[in-house]
Amino acid sequence: MASLDPDNWKPCWYCRHFGYYAERAGLVRCEHPVYPMNRSQPETGCCSWEREPGVDDDGWRPVGFVSQQEAQAALWASTHRRDASDAQSA
């Protein structure tokens, strides 16, 4: 199980078993030979995480990745923007 503390998260894309990020599904393909192939919540990593040397030097994220916090913030902003525009037009 991944850590609940964001400071200790080890994202899947920094792991030696990282295969690819399936953007539409929000899953990561894990190439670990023993564990399940698809992982949800890739930003938290898992207990079989192994650092891939050099891959985390630049602090990158997969193209199209949106964290749960970013998705919730975007949803909140779009909902409130719509409410504000409805109030102005009324």
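Residue positions are given per chain, counted from 1 along the sequence in the order it is written. Only residues with pLDDT of at least 70 get local features here, since the model is predicted, and only at 80 or more are side-chain atom pairs given and counted; chain-wide, interface and lining totals rely on the full set of residues. Hydrogens and waters are ignored; side-chain quantities use all the structure's heavy atoms.

Considering the overall build of the protein chain
Point 1. The helix and strand tally for the protein chain stands at one helix and three strands.
Point 2. Secondary structure of the protein chain in N-to-C order comes out as β-β-β-α.
Point 3. When burial is assessed residue by residue, the protein chain has 23% of its 90 residues classed as buried.
Point 4. Expressed as a percentage of contacts within the protein chain between residues at least 6 apart in sequence, the contacts between residues at least 24 apart total 55%.
Point 5. To be clear on the numbers: accessible area is Shrake-Rupley with a 1.4 Å probe, and residue cover counts the displayed protein chains and nothing else. Accessible surface computed for the protein chain: about 6,500 Å², of which carbon and sulfur atoms make up 52%. Strands are runs of DSSP state E lasting at least 2 residues, helices are runs of H or I lasting at least 4, and numbering of each runs from the N terminus. The classification of residues rests on relative accessible area computed with a 1.4 Å probe and restricted to protein chains. Under 20% of the type maximum is buried, over 50% is exposed, and intermediate values are partly exposed. Residues count as neighbours in contact if any of their non-hydrogen atoms are within 4.5 Å of one another.

Quick look at the pairing of strand β2 (residues 27-30)
Point 1. Where burial is concerned, the two faces of β2 differ: the one with V28 and C30 is buried and the one with L27 and R29 is not.
Point 2. Pairing between strands is defined by DSSP: at least two bridges between the two strands are required. The turn joining strand β1 (residues 18-22) and β2, which pair antiparallel and follow one another in sequence, is formed by four residues; a positive phi near 70° is taken by G26.
Point 3. In this sheet, strand β3 (residues 38-39) lies alongside β2 in antiparallel orientation, the contact comprising two bridges. Across the sheet, residue R29 finds its bridge partner in β3, namely N38.

Here's the deal with the sheet that holds β2
Point 1. Pairing within the open sheet is antiparallel, and its three strands lie in the order β1-β2-β3. Each having just a single partner strand, β1 and β3 make up the two edges of the open sheet.
Point 2. In this structure, β1 lies alongside β2, joined through four bridges in antiparallel fashion. Within β2, the position partnered with F18 by the bridge is C30.

A closer look at the pattern of salt bridges
Two side chains that carry opposite charge are able to pair once their charged atoms sit near each other.
Point 1. Salt bridge, as used here, is a side-chain nitrogen of Lys or Arg placed within 4 Å of a carboxyl oxygen of Asp or Glu. Under the defined criterion, the tally for this structure stands at two salt bridges.
Point 2. Ionic pairing is found between R16 and E50, a salt bridge with its closest N-O pair at 3.4 Å. Taken as a pair, R16 in the segment before β1 and E50 in the loop between β3 and α1 (68-89) lie far apart in primary sequence, 34 residues in all.
Point 3. Note on R16: relative accessible area 43%, which makes it partly exposed.

Some details on the confidence of the model for the protein chain
Point 1. Residue-level confidence of the predictor is what pLDDT reports, using numbers from 0 through 100. Mean pLDDT over the protein chain works out to 76, with 76% of the residues at or above the 70 mark.
Point 2. Within the protein chain, β2 carries the highest mean pLDDT (88), whereas α1 carries the lowest (71).

Let's talk about the side chain of H17
Point 1. You can see H17 is positioned in the segment before β1.
Point 2. H17 gets classed as buried once you look at its relative accessible area, which sits at 11%.
Point 3. Here E50 takes part through its side chain, which lies 3.0 Å from a polar atom of the side chain of H17.
Point 4. Each residue touching H17, except ones within four places of it in the same chain, is listed here: R29, C30, E31, H32, P33, S48 and E50. Polar contacts, as used here, are pairs of N or O atoms within 3.5 Å; protein pairs need one atom able to donate a hydrogen and one able to accept it. Residues neighboring in sequence count only if both atoms are side-chain atoms.

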